[in-house]
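Structural characterization, general
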Amino acid sequence: DSGVTQTPKHLITATGQRVTLRCSPRSGDLSVYWYQQSLDQGLQFLIQYYNGEERAKGNILERFSAQQFPDLHSELNLSSLELGDSALYFCASSVGRTTYNEQFFGPGTRLTVL
Amino acid sequence: GENVEQHPSTLSVQEGDSAVIKCTYSDSASNYFPWYKQELGKRPQLIIDIRSNVGEKKDQRIAVTLNKTAKHFSLHITETQPEDSAVYFCAARIMKTSYDKVIFGPGTSLSVIP
């Protein structure tokens, strides 16, 4: 157990819908990262927040947005869902602002868009 | 561009043999190279990392080597065991003026045959 929690574990929804994925980082970690892992794909970096502020962006679609709250938990919002958005979404946390440290991954949320 | 290449994509070895996974990166400023192991249905977990001020690092049966000139780094697993079967991801830290992120390779699926 990495200490990073994600809810829900599974999510099944229809095209065009909007969902929210939630992540709580390890105690003491200020950075949260979001990744998308599609079937047979690696880990695609989406976005990083540090202490409530957006720090780095990856290949995040405009239909996706995220935020980090004062209690440091983070939410990833996916809207106008398409079949291709079906994937495993991981969040990870680390102690510092930079990526020069280990990232601890949560168990992931499996999103299925029908 | 920012990318990390990884080879091979799949690897089968007999139990007790060695396994080698190779990665190349594009950004000469990269200074941190973690390796993550993802067992089937589980979260990625850091198994070893190397920083650019060293050329090799070992941890029991696992070693990582780094050649900064050639922008190559490799994971070596000796005396493989069935529990080493997993997908392994290499990654490289990409640093620019405006951002700092870790880019993952596409992964290597390692099967250790008993």
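Our subject is the structure listed above.
The sections below set out a description of the structure shown in this document. Keep in mind that this is a model prediction, so the values were computed, not measured.

All right, on to the pairing of strand S11 (residues 108–113) of chain B then. Residues and elements named next belong to chain B. The alternating pattern of S11 places Thr108, Leu110 and Val112 on a buried face and Ser109, Ser111 and Ile113 on a face that is not buried. Two elements, strand S2 (residues 10–14) and S11, share five bridges in a ladder whose sense is parallel. Looking at the pairing, Ser12 lines up with Ser111 of S11. Bridge analysis of strand S9 (residues 86–95) against S11 gives three bridges, and the strand direction is antiparallel. Across the sheet, residue Ala86 finds its bridge partner in S11, namely Leu110.

This part covers the sheet that holds strand S3 (residues 19–25) of chain B. All names here are of chain B. Taken in spatial order, the five strands line up as S1-S3-S8-S7-S6 in an open sheet, and their pairing is antiparallel. The open sheet has two edge strands with one neighbour each: strand S1 (4–7) and strand S6 (56–59). In this sheet, adjacent strand axes meet at a mean angle of 15° when their direction is disregarded. Sheet analysis places S3 next to strand S8 (residues 72–77), joined by six bridges and oriented antiparallel. Looking at S8, one finds that Lys22 is bridged to Ser74.

Right, let's get into the interface of chain A and chain B. Reports of interface size often rely on the accessible area that becomes lost once the parts have come together. With 23 residues of chain A at the contact, the number on the chain B side is 19 residues. Interface area lost by chain A to chain B is led by A:Leu43, A:Thr99 and A:Tyr100, which between them contribute 35%. One can count one salt bridge joining chain A with chain B. Taking the shortest distance from any N to any O, the salt bridge between B:Asp100 and A:Arg55 comes out at 3.9 Å. Inspection of the chain A/chain B interface yields eight residue pairs in polar contact (both at pLDDT 80 or more).

Among the secondary structure elements, A:Ser2 is positioned in the segment before strand S1 (5–7). Of note is the side chain of A:Ser2, whose polar atom sits 3.2 Å from the backbone nitrogen of A:Val4. One polar contact links A:Ser2 to B:Arg43, side chain to side chain, over a distance of 2.5 Å. For A:Ser2, the residues in contact, after removing those within four places along its chain, are A:Arg26, A:Phe104, A:Phe105, A:Gly106 and B:Arg43.

Our next topic: the packing of aromatic side chains. Inspection of the entire model under this criterion finds 13 aromatic pairs over all chains. When the ring of A:Tyr35 is compared with that of B:Phe104, the centres are 5.4 Å apart and the planes differ by 90°; the resulting orientation is edge-to-face. Of the two residues, A:Tyr35 sits in strand S4 (residues 31–37) while B:Phe104 sits in strand S10 (residues 100–104), which places them in two different chains. Looking at A:Tyr35, the relative accessible area reads 0%, which means it is buried. Aromatic ring contacts, followed pair by pair, group A:Tyr35, A:Phe45, A:Phe90, A:Phe105, B:Tyr36 and B:Phe104 into a single cluster. Note that A:Arg26 overlies the ring of A:Phe104, its terminal NZ or CZ placed 3.7 Å from the centroid. Of note, B:Arg51 hangs over the ring of A:Tyr100, and the distance from its end group to the ring centre comes to 4.4 Å.

Here we take up the state of the cysteines. All chains considered together, the criterion is met by two disulfides over all chains. Here A:Cys23 engages in a disulfide with A:Cys91; their sulfurs sit 1.9 Å apart. In this structure, the disulfide formed by A:Cys23 and A:Cys91 twists by about 70° around the S-S bond and is classed as right-handed. Here A:Cys91 lies in strand S9 (residues 87–94) and A:Cys23 lies in strand S3 (residues 19–24), a separation of 68 residues in the sequence. Each sulfur of the disulfide joining B:Cys23 and B:Cys90 lies 2.0 Å from the other. The sign of the -105° torsion about the S-S bond sets the B:Cys23-B:Cys90 disulfide as left-handed.

All names here are of chain B. Here Ala92 is to be found in strand S9. Owing to a relative accessible area of 0%, Ala92 belongs among the buried residues under this scheme. Spatially, the C-alpha atom of Ala92 lies 9.6 Å from that of Phe73, the residues being 19 residues apart in sequence. Other than its neighbours up to four places away in sequence, Ala92 contacts Val4, Tyr25, Ser30, Tyr32, Phe33, Pro34, Lys101, Val102 and Ile103.

Cut-off values and rules
Residues numbered from 1 in each chain as written. Chains lettered and ligands numbered in written order. Predicted model: local features only at pLDDT ≥ 70, side-chain atom pairs only at ≥ 80, totals over all residues. Heavy atoms only, no water. Buried < 20%, exposed > 50% of the residue type's maximum accessible area, 1.4 Å probe, protein only. Helix = DSSP H or I, 4+ residues; strand = E, 2+ residues; numbered from the N terminus. Pairing = 2+ DSSP bridges. Axes fitted to C-alpha atoms, helices over the stretch in contact; angles between N-to-C directions. Contact = heavy atoms within 4.5 Å. Buried area = accessible area lost by both parts, 1.4 Å probe. Salt bridge = Lys/Arg side-chain N within 4 Å of Asp/Glu carboxyl O. Polar contact = N/O pair within 3.5 Å; in protein donor to acceptor, adjacent residues only side chain to side chain. Phe/Tyr/Trp six-rings, centres within 6.5 Å; stacked < 30°, edge-to-face > 60°. Lys NZ or Arg CZ within 6 Å of the ring centre and 35° of its normal. Disulfide = S-S within 2.5 Å.

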